[in-house]
Amino acid sequence: DKKWKSGLKVDIEKSLRSMVNEVKQNLNDTSSNALTSTVERERLSQEHVTPVKSIRNIAEEQFPVVLQRESQ
């Protein structure tokens, strides 16, 4: 049962990985601009945290839903 739940978490994380990768790529693209100041890079990094947390929350919300559905 623990093994199955662990696999389920991994599957959910894999399904959301593209969203995380897109957020990271956007951050890298924006912050790699030669004209971006240190202050601007810090601001962009802070803005990056919010969508990543949102994606993490989605994953955490999906787990009990899928668990419930699978147990029926």
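Preceding this paragraph is the structure being described.
Residues numbered from 1 in each chain as written. Predicted model: local features only at pLDDT ≥ 70, side-chain atom pairs only at ≥ 80, totals over all residues. Heavy atoms only, no water.

Enquirer: Could you give an account of the overall build of the chain, naming the residues involved and the relevant values?
Expert: Within the chain one finds two helices and zero strands. Relative to its length of 72 residues, the chain is extended, with a C-alpha radius of gyration of 17 Å against a globular reference of 11 Å. On the principal axes, the C-alpha backbone points of the chain span a range of 55 × 15 × 15 Å. For the chain, buried positions account for 18% of its 72 residues. Considering only residue pairs separated by 6 or more positions, the chain has 76% of its internal contacts joining residues 24 or more positions apart. On the chain, roughly 5700 Å² of surface is accessible, and the fraction owed to carbon and sulfur atoms is 51%. (Helix = DSSP H or I, 4+ residues; strand = E, 2+ residues; numbered from the N terminus. Rg over C-alpha atoms; globule rule 2.2 N^0.38 Å. Buried < 20%, exposed > 50% of the residue type's maximum accessible area, 1.4 Å probe, protein only. Contact = heavy atoms within 4.5 Å. Areas by Shrake-Rupley, 256 points an atom, 1.4 Å probe, with all protein chains shown as cover.)

Enquirer: Describe the side chain of His48, and please don't skip the residues or the numbers.
Expert: Position of His48 among the secondary structure elements: in helix H2 (residues 38–71). On the basis of relative accessible area, His48 is assigned to the buried category, the value being 17%. Apart from the residues within four sequence positions on either side, His48 is in contact with Val23, Lys24 and Leu27.

Enquirer: For helix H1 (residues 2–31), give the residues involved together with the corresponding values.
Expert: What sets the pattern is the α-helix's 3.6 residues per turn: residues three or four places apart point alike. Under the 1.5 Å per step criterion, the end-to-end length of H1 is 41 Å for 30 residues, consistent within 8% with the ideal 44 Å. At Leu16, H1 is deflected by roughly 40 degrees, the largest bend along its length. Within the span of H1, buried status applies to Leu8, Ile12, Leu16, Val20, Val23 and Leu27. (Expected span 1.5 Å × (residues − 1). Bend = angle between axes of the 7 residues up to and from the residue.)

Enquirer: Give me the lowdown on the packing of aromatic side chains, citing residues and values where you can.
Expert: Pairs of aromatic rings are described using the distance from one ring centre to the other and the angle between the two planes. As enumerated under the stated definition, the model contains zero aromatic pairs in all. Cation over ring: Lys9 sits above Phe63, and NZ or CZ is 5.1 Å from the ring centre. (Phe/Tyr/Trp six-rings, centres within 6.5 Å; stacked < 30°, edge-to-face > 60°. Lys NZ or Arg CZ within 6 Å of the ring centre and 35° of its normal.)

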